[in-house]
Amino acid sequence: MVVDPEHAPVNGRNRSPRPHASHREVADELRRRIRSGQLRAGQRMPTQAKLADEFGVERAAVRQALRILQSERLLVNMSKGSPATVADQPEKALTGPEARPQPTTVALGARITEAFAAPHVEIDALCLTSISLTLAMGEPLRQIHAGRIKPAKVDVRVLLPSSDIDLAFPAPVDASSDGRLQRNWLANRNAQGQVLRHNLLALRSTHGIDVNVTFRALPFTPPVKLYLLNGAEALFAYYTLIKREEEIDHVHLEMYDVQGTQSMLFPFTQGAGLRDTTFVEQSHLWFNALWETISSELVLTS
């Protein structure tokens, strides 16, 4: 059989010198080939069978690696019938730990989807509300319901501000406000948390996945947001205050608030260098310290 050179192993070998590679290692190597130009824009990828043979892995690991690259917008036209294609402008895609920071709405969904490719999904989040996290869960939930992925276990821990504190933000410009702004935030915090919990716990009955979702309350308003994924990645963003107006209960209020969904996420990946590795490790220590010391039980009711 004549092998199409476009689908031949780029390095000229039939098998990687590193057998038993993980799906992340496969994704890292393919990402490197795309970024270096070895796999060109518009070029079709080798078949999953050829990639599995080259890297010495099962096809399931190749599929997970390709999904990662698709979520980073490096690959397009993925289907069961034919190999994927390298994106037309891969240099502008979300390309792993060296990617430029992206707004939460752009970056978080892809990272969460990648995390759900693992057998045991572990997600820790510290945020003002869980709106961004709830939105980001949409794609992996769709893939689970479509039968493309099925983790065995999902553990999610979320730290949110307590309802018993005076929030630093959102805060009314007029200090004499009657508290409706805090009540509005509290309703949003509870509603988003309940949706997140419901959607994840439903996986128990629909797909037999072991799911645990736990919320705890912080005695302060977090000035940053942090997402920790599978012990391997930390996504960090600042909450930047702006002055804006909103109608709440038929009253126009001026407030100092943040747009968390637009906060720029900075990715740090375990093993991507001393700085990244240290940041991930210290972020886990910090999160666990808050969880185990000054946080308290959080009930998602008004």
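About the cut-offs
Residues numbered from 1 in each chain as written. Predicted model: local features only at pLDDT ≥ 70, side-chain atom pairs only at ≥ 80, totals over all residues. Heavy atoms only, no water. Axes fitted to C-alpha atoms, helices over the stretch in contact; angles between N-to-C directions. Helix = DSSP H or I, 4+ residues; strand = E, 2+ residues; numbered from the N terminus. Parallel < 35°, antiparallel > 145°, perpendicular 65-115°, else oblique. Contact = heavy atoms within 4.5 Å. Nonpolar A, V, L, I, M, F, W, Y, C, P; charged D, E, K, R; others polar. Core = buried A, V, L, I, M, F, W, Y, C linked by side-chain atoms within 4.5 Å. Buried < 20%, exposed > 50% of the residue type's maximum accessible area, 1.4 Å probe, protein only. Expected span 1.5 Å × (residues − 1). pLDDT = per-residue confidence, 0-100. Pairing = 2+ DSSP bridges.

1. Quick look at the packing of helix α6 (residues 138-145) against helix α7 (residues 180-207)
Logical step 1: Between α6 and α7, the shortest axis-to-axis distance is 12 Å and the interhelical angle comes to 5°. By the criterion of interaxial angle, the relationship of α6 to α7 is roughly parallel. Across the interface between the two elements, Leu 141, Ile 144 and His 145 of α6 pack against Asn 199, Leu 200, Leu 203, Thr 206 and His 207 of α7.
Logical step 2: When grouped by side-chain class, the residues that make up the contact of α6 with α7 number 4 nonpolar, 4 polar and no charged.

2. Examining the nonpolar core
Logical step 1: Counting 42 residues, the largest nonpolar core has Ile 112, Phe 116, Ile 123, Leu 133, Met 137 and Leu 200 as its most contacted members.
Logical step 2: No other element matches the 5 residues that α7 contributes to this core.

3. Focus on helix α1 (residues 23-36)
Logical step 1: When the terminal C-alpha atoms of α1 are compared, their 20 Å separation across 14 residues agrees well with the 20 Å that a helix rising 1.5 Å per residue should span.
Logical step 2: His 23, Val 26, Ala 27, Glu 29, Leu 30, Arg 31, Arg 33 and Ile 34 are the residues of α1 that are buried.
Logical step 3: A positive backbone phi angle near 95° is found at Gly 37, which sits one or two residues after α1.

4. Focus on unusual backbone geometry
Logical step 1: With an omega dihedral of -5°, the bond running from Phe 169 to Pro 170 counts as a cis peptide bond.
Logical step 2: At Asp 249, a residue that is not glycine, the phi angle is positive and equals roughly 55°.
Logical step 3: Of note, Asp 249 is situated in the loop between β10 (241-248) and β11 (251-258).

5. A look at the confidence of the model for the chain
Logical step 1: For the chain, the average pLDDT comes to 85, and 87% of its residues sit at 70 or higher.
Logical step 2: Model confidence for the chain, summarised as mean pLDDT per element, is weakest for strand β3 (residues 102-103) at 76 and strongest for strand β5 (residues 153-161) at 98.

6. Examining the pairing of β11
Logical step 1: Across 2 bridges, the pairing between strand β6 (residues 171-172) and β11 is antiparallel. For Pro 172, the partnering residue across the bridge sits in β11 and is Met 255.
Logical step 2: Pairing of β10 with β11 involves 8 bridges; the strand directions are antiparallel. Looking across to β11, one finds that Lys 243 is bridged to Tyr 256.

7. Section: the packing of α1 against helix α2 (residues 48-55)
Logical step 1: Axis separation between α1 and α2 bottoms out at 12 Å; the angle between their running directions is 110°. Taken together, α1 and α2 sit at an angle that is classed as roughly perpendicular. Contact residues: α1 offers Val 26, Glu 29, Leu 30 and Arg 33, while α2 offers Leu 51, Glu 54 and Phe 55.
Logical step 2: Here the contact of α1 with α2 is composed, by residue class, of 4 nonpolar, no polar and 3 charged.

8. A few points about the sheet that holds strand β13 (residues 296-297)
Logical step 1: As summarised here, the arrangement of the 8 strands in space is β3-β12-β9-β8-β4-β5-β7-β13, forming an open sheet in which the pairing is mixed. Of all strands in the sheet, those with a lone pairing partner are β3 and β13, marking the two edges.
Logical step 2: Packing of helix α8 (residues 274-292) onto the sheet brings it into contact with β4 (120-126), β5, β7 (210-218), β8 (224-229), β9 (233-238) and β12 (264-269), and relative to β12 it is tilted by some 110°.

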